[in-house]
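# Descriptive analysis of the structure
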Amino acid sequence: QVHFVESGGGLVQPGGSLKLSCAVSGNFSSVSSMAWYRQAPGKQRQWVATSITGGSTTYTDSVRGRFTISRDNAKNLVILQMSSLKFEDTAVYYCNAAIRSAPTLPLTLYWGQGTQVTVSS
């Protein structure tokens, strides 16, 4: 079983900052990539950023330079530091993790419950 605890969402003014955290726990062998997605009202879920175990990070164009994804591998924790927030960043933000339940099993993607980020004046 895999458990997610997401936190850090809230209401922020345009230009402000927020930090989202996502901790994964449970009975599994290892965590590979961890990522953030977001879903705005009436829109499809959109990929935001990914962190791979080795340290590589990638971002969607609309957040590059404003958002930073980081990880604490020992704690299976992924953080999304968001700055210079815009109205269009308003969404429910979800983290996911590619997890291997046992060393010989393939990766399975698990999702957190989501946290609301609202950018409003």
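Below or above, wherever it landed, is the structure these notes cover.

Analysis parameters
- Residues numbered from 1 in each chain as written.
- Predicted model: local features only at pLDDT ≥ 70, side-chain atom pairs only at ≥ 80, totals over all residues.
- Heavy atoms only, no water.
- Pairing = 2+ DSSP bridges.
- Helix = DSSP H or I, 4+ residues; strand = E, 2+ residues; numbered from the N terminus.
- Axes fitted to C-alpha atoms, helices over the stretch in contact; angles between N-to-C directions.
- Buried < 20%, exposed > 50% of the residue type's maximum accessible area, 1.4 Å probe, protein only.
- Contact = heavy atoms within 4.5 Å.
- Disulfide = S-S within 2.5 Å.

### As for the sheet that holds strand 7 (residues 67-72)
The strand order 1-3-8-7 describes an open sheet built from 4 strands, whose pairing is antiparallel. A single partner strand is all that each edge strand has here, and the edge strands are strand 1 (2-7) and strand 7. Within this sheet the neighbouring strands show an average axis-to-axis angle of 15 degrees, counted without direction.

### What about the environment of Ile 99?
Within the secondary structure, Ile 99 is located in strand 9 (residues 91-100). Note on Ile 99: relative accessible area 0%, which makes it buried. The spatial distance from the C-alpha of Ile 99 to the C-alpha of Met 34 is 9.0 Å, given a sequence separation of 65 residues. For Ile 99, the residues in contact, after removing those within four places along its chain, are Val 2, Val 24, Phe 28, Ser 30, Val 31, Pro 106, Leu 107, Thr 108 and Tyr 110.

### As for the state of the cysteines
Counted by the stated rule, this structure contains 1 disulfide. Two residues, Cys 22 and Cys 95, share a disulfide whose sulfurs are 1.8 Å apart. Taken together, the residues Cys 22 in strand 3 (residues 18-26) and Cys 95 in strand 9 connect sequence positions 73 residues apart. Of the two residues, Cys 22 and Cys 95, neither departs from the other in class, the shared state being buried.

### Details of the environment of Thr 104
The residue Thr 104 is located in the loop between strand 9 and strand 10 (107-111) in this model. Judged by its relative accessible area of 76%, Thr 104 is exposed.

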